[in-house]
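# Breakdown of the fold
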Amino acid sequence: MKANASSKGKPKRVVVTGASGNVGTSVVRALSEAPEVGSIVGIARRRPEEWDLPKLEWATADLGDEDVNLDPLLSGADAVIHLAWLFQPARDPLTTWRTNVLGSLRLFDAVARTGVPALVHASSVGAYSPGPKDREVDESWPTHGWPSAAYTREKAYLERALDAFGQAHQDVRVVRMRPAFLFKRDSASQQRRLFGGPFVPQRLVRPELIPVVPDLPGLRVQAVHTADAAQAYRLAALGDVRGAFNLATDPVLDGPMLADLLGAKLVRLPVWAIRGPLVAAWRLHLTPASPDLFDAVLHLPLMDSTRARTELGWTPTHDAADAITEFLHGMRDEAGMPTPPLAPRVPGGRLQELRTGAGKRP
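Below, the structure is looked at part by part. (Residues numbered from 1 in each chain as written. Predicted model: local features only at pLDDT ≥ 70, side-chain atom pairs only at ≥ 80, totals over all residues. Heavy atoms only, no water.)

Turning our eyes to something else, we now look at the overall build of the chain. Check the secondary structure of the chain and you find 12 helices and 14 strands. Expected size for 362 residues packed as a compact globule is a radius of gyration near 21 Å; at 20 Å, the chain falls within 12% of this value. Overall, the chain is about 55 × 45 × 35 Å in size when its C-alpha atoms are taken along their principal axes. Buried positions account for 52% of the 362 residues belonging to the chain. A separation threshold of at least 6 residues defines the contact pool for the chain, and within that pool the share at least 24 residues apart is 79%. Accessible area for the chain stands at about 15700 Å²; split by element, carbon and sulfur atoms hold 55% of it. For the chain, the separation between the mean place of its 43 positive charges and that of its 40 negative charges on side chains is 3 Å. (Helix = DSSP H or I, 4+ residues; strand = E, 2+ residues; numbered from the N terminus. Rg over C-alpha atoms; globule rule 2.2 N^0.38 Å. Buried < 20%, exposed > 50% of the residue type's maximum accessible area, 1.4 Å probe, protein only. Contact = heavy atoms within 4.5 Å. Areas by Shrake-Rupley, 256 points an atom, 1.4 Å probe, with all protein chains shown as cover. Lys, Arg positive; Asp, Glu negative; His and termini not counted. Charge placed at Lys NZ, Arg CZ, Asp CG, Glu CD.)

This is the structure we're talking about:
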């Protein structure tokens, strides 16, 4: 059954965790524009002081704090969209586990305790077990993640937690969104900090300055524009669907596609030629992204998003090339938004990133 887009009845109240991030800002905007939504509670670890939208009220809460009381924030909500996620500090997996896994479990318990009828959880393509790169898999593909990367372990663990939650609380409509890599212009600076680190020269990310693109075995991934993913979250929260939904758009991002997009030469390389320098940079604390995450990317399956298009009624307006092109322009322009996660520059700049250690801070 497709999501119900009717605006009849009592205006809905939707709670969004992680509302100030890449996906959260787009989800809040999509909800703000929906006539059936009357109010939005945006939960963030750090409250934005200069960004707001109609219907939105901000609340500050750290899901990693075991003493946080989420019940007052969730009381009276018609749906909770759970997006909050801590990518860093990648060198301290206990900290990310405390927020991403234990914090999510606390939120799930609060959803049940306060009687919220719908929970929409941000899972990921990263939850999937290794899969094919020459065909697409549907939502029945196993979700055991890639064992060595913290991100994929945590996403897979929460899939199991939601299995148990759904059995124990069958009155709660549980939706799991499994998007591909999410890009928009305004996320460029944040993603550079999270995955590239202080030595990535954003202003030099332009076609005329990228002469070659590596063609690696297994480097075939999918992307979605964040604004399109946000519309899928809106449909899931306001509709009556249940279960998992893949979110992906064509074309597949691989070496030949990126070389054509950038007007660069394609160079076939073995995986070790890239992984070796990544390992060295990680060990020297020059990059915040673990090489284990690189390994996971090489093993992620390609996803079939038919169910999202037919049952959810999802119609993306950008293809993957649009999303990555917009993102690369954002990198060059050092784009961002006036929220703490998406700020174009952090206090102290790149020197502060070096002082605090790449991959060592949230």
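Moving on, we get to a nonpolar patch on the surface. On the surface, a cluster of nonpolar side chains totalling about 310 Å² of accessible area is made up of F199, L284 and L286. Looking at the secondary structure, you find L286 in the loop between α8 (271-283) and α9 (291-299). Judged by relative accessible area, which is 36%, L286 ranks as partly exposed. (Patch = residues over 30% accessible without salt bridge, like charges linked within 9 Å, V, L, I, M, F, W, Y side chains within 5 Å. Salt bridge = Lys/Arg side-chain N within 4 Å of Asp/Glu carboxyl O.)

Moving on to empty space enclosed by the protein. Overall, the coordinates contain 1 cavity of 30 Å³ or more when judged by the stated rule. Of the volumes computed, that of the largest cavity is approximately 40 Å³. By residue number, the principal contributor to the lining of the largest cavity is strand β10 (residues 220-225), which donates 3 residues. (1 Å grid on protein atoms, 1.4 Å probe; cavity = no way out; pocket = protein on both sides within 12 Å on 5 of 7 lines; lining within 4 Å. Points joined across faces, edges and corners; volume = space filled by probe spheres on them.)

Turning our eyes to something else, we now look at unusual backbone geometry. A cis amide bond links Q88 with the next residue in sequence, P89, at an omega value of 10°. Relative to the helices and strands, P89 is located in the loop between β4 (79-82) and α3 (93-114). A cis amide bond links D250 to the next residue, P251, at an omega of -5°. Inspection of the secondary structure assignment puts P251 in strand β12 (residues 249-254). Residues other than glycine seldom take positive phi values, yet K55 does so here, at roughly 75°. Mapped onto the fold, K55 is located in the loop between β2 (37-44) and β3 (56-60). Backbone geometry at E334 places phi at a positive 55°, although glycine is not the residue there.

On to a negative patch on the surface, then. On the surface, a cluster of negative charge is made up of D62, D65, E66 and D67. Judged by relative accessible area, D67 falls into the exposed class, the value being 65%.

All right, on to the sheet that holds β2 then. Across the sheet, which stays open at both edges, the 7 strands sit in the order β3-β2-β1-β4-β5-β7-β11 with parallel pairing between neighbours. Each edge of the open sheet carries a strand with a single partner, namely β3 and β11 (243-247). The average undirected angle you get between the axes of adjacent strands in this sheet is 20°. In the packing of α3 onto the sheet, contacts are made with β1 (12-17), β4 and β5 (118-122), and the angle to β4 comes to roughly 175°. On top of the sheet, helix α6 (residues 226-238) reaches β1, β2, β4, β5, β7 (173-179) and β11; it is set at about 170° to β7, its chief contact. (Pairing = 2+ DSSP bridges. Axes fitted to C-alpha atoms, helices over the stretch in contact; angles between N-to-C directions.)

Moving on: the layout of surface pockets. Estimates place the volume of the second largest pocket at around 270 Å³. Taken together, 22 residues make up the lining of the second largest pocket; nearest its centre are F87, A90, A150, Y151 and S290. The leading source of residues in the lining of the second largest pocket is helix α4 (residues 150-168), at 4 residues. Here the lining of the second largest pocket is composed, by residue class, of 14 nonpolar, 5 polar and 3 charged. (Nonpolar A, V, L, I, M, F, W, Y, C, P; charged D, E, K, R; others polar.)

Tallying each qualifying case throughout the model produces 7 aromatic pairs. With a centroid separation of 5.9 Å and 50° between ring planes, the pair formed by F108 and F165 is classed as tilted. Of this pair, F108 sits in helix α3 while F165 sits in helix α4, placing them 57 residues apart in sequence. This pair shows no difference in class: F108 is buried, exactly as F165 is. Taking the ring centre of W282 as reference, the NZ or CZ of R91 above it sits at 3.7 Å. Here the guanidinium or amino end of K155 rests over the ring plane of W85, the centre of that ring lying 3.7 Å away. (Phe/Tyr/Trp six-rings, centres within 6.5 Å; stacked < 30°, edge-to-face > 60°. Lys NZ or Arg CZ within 6 Å of the ring centre and 35° of its normal.)

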